[in-house]
Amino acid sequence: MSEITAVPLRPIKPGVLTTLWVGIAIALAVAVVWSWTSTRAQVAAAQPPEAFLAENGKRKGVVTTPSGLQYEVLKAGTGPHPGPQDIALIDYEGRLTSGEVFDASARNGGPVPLQVSGVVPGFSEALQLMSRDAKYRVWLPPQLGYGAQGAGPIPPNAVIVFDITLHAFQAMPAGMGAMGAAPPM
């Protein structure tokens, strides 16, 4: 006949079950965070510009100007602000709301000089709000960026995001005009 063999069971050490449940909770939390971050960019990119900007404008620290430009001061600067005819020395990184970088000054060798009025309207407006050594994050609605036509990697009617650092600016020297080369800073 069959015999039943008694197998001695060792008691579970105190705290092992707690450790197991804590490990499961951490794994679940990591999975939720990963899932949220991996879809957040796609959800933001799929939103109509008006919906994205309405939601973004509610974030703490985001200011919306009368034109619809939104900005956040990441680092305050000091001193006066550049005017439309000034030449600004800036670092920038441009992204779509999906997070995809479409241009950056670092790709072009570092800080770049440009005439404040020689860029899309929203970028120009943002530069005129800044002071030396300021760093801003700006959100340009389509009408202040590339509008219904888009440009290169920027799709039509896209909200574009820039991180801009204004290093310095100076008045455009007389006789250079809007098409002249930027003077050395």
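This one's a predicted model, so the numbers in the text were calculated from it and none came from an experiment. (Residues numbered from 1 in each chain as written. Predicted model: local features only at pLDDT ≥ 70, side-chain atom pairs only at ≥ 80, totals over all residues. Heavy atoms only, no water.)

## Section: the nonpolar core
So the rule is basically this: Buried Ala, Val, Leu, Ile, Met, Phe, Trp, Tyr and Cys residues that are joined via side-chain atoms within 4.5 Å together make up what is termed a nonpolar core. Exposure is judged per residue with a 1.4 Å probe applied to protein chains only, and the accessible area is read against the type maximum: over 50% gives exposed, under 20% gives buried, and values in between give partly exposed. Helix numbers and strand numbers start at the N terminus; a helix is a DSSP run of H or I with at least 4 residues, a strand a run of E with at least 2. Residue contacts are defined here by distance: any two heavy atoms, one from each residue, within 4.5 Å place the two residues in contact.
I90, F123, L127, V138, L140, F162 and I164 are the most contacted members of the largest nonpolar core, which totals 27 residues. Mapped onto this core, the elements with two or more residues apiece are β3 (86–96), β5 (112–115), α3 (121–129), β6 (134–140) and β7 (160–171). For this core, the element with the most residues is β7, which contributes five residues. With residues up to four places along the chain from it excluded, the contact list for V138 reads L69, Q70, Y71, A126, I160, V161, F162 and I164. By size, the runner-up hydrophobic cluster in this structure holds six residues, among which are L53, V62, W139 and V161.

## Thoughts on the pattern of salt bridges
For clarity, the cut-off: Every case where a carboxyl oxygen of Asp or Glu lies within 4 Å of a side-chain nitrogen of Lys or Arg is listed as a salt bridge.
The tally for this structure, following the rule as stated, stands at four salt bridges. Here R95 and E93 are joined by a salt bridge, their closest N and O atoms 3.2 Å apart. Classification of R95 by relative accessible area gives buried; the value is 14%. Ionic contacts of the salt-bridge type, sharing partners, join the residues E93, R95, R137 and D163 into one network.

## Comments concerning α3
An α-helical segment advances 3.6 residues per turn. Residues three or four places apart therefore align on the same side. Burial in α3 covers these residues: G122, F123, S124, A126 and L127. For α3, the elements touching its buried residues are β3, β5, β6 and β7.

## Structural notes on the environment of S105
The topology assignment puts S105 in the loop between β4 (101–104) and β5. Take S105: its relative accessible area is 2%, and that puts it in the buried class. Placed eleven residues apart in sequence, S105 and G94 show a C-alpha to C-alpha distance of 9.0 Å. The contacts of S105, once residues within four sequence positions are left out, are I90, D91, Y92, G110 and V112.

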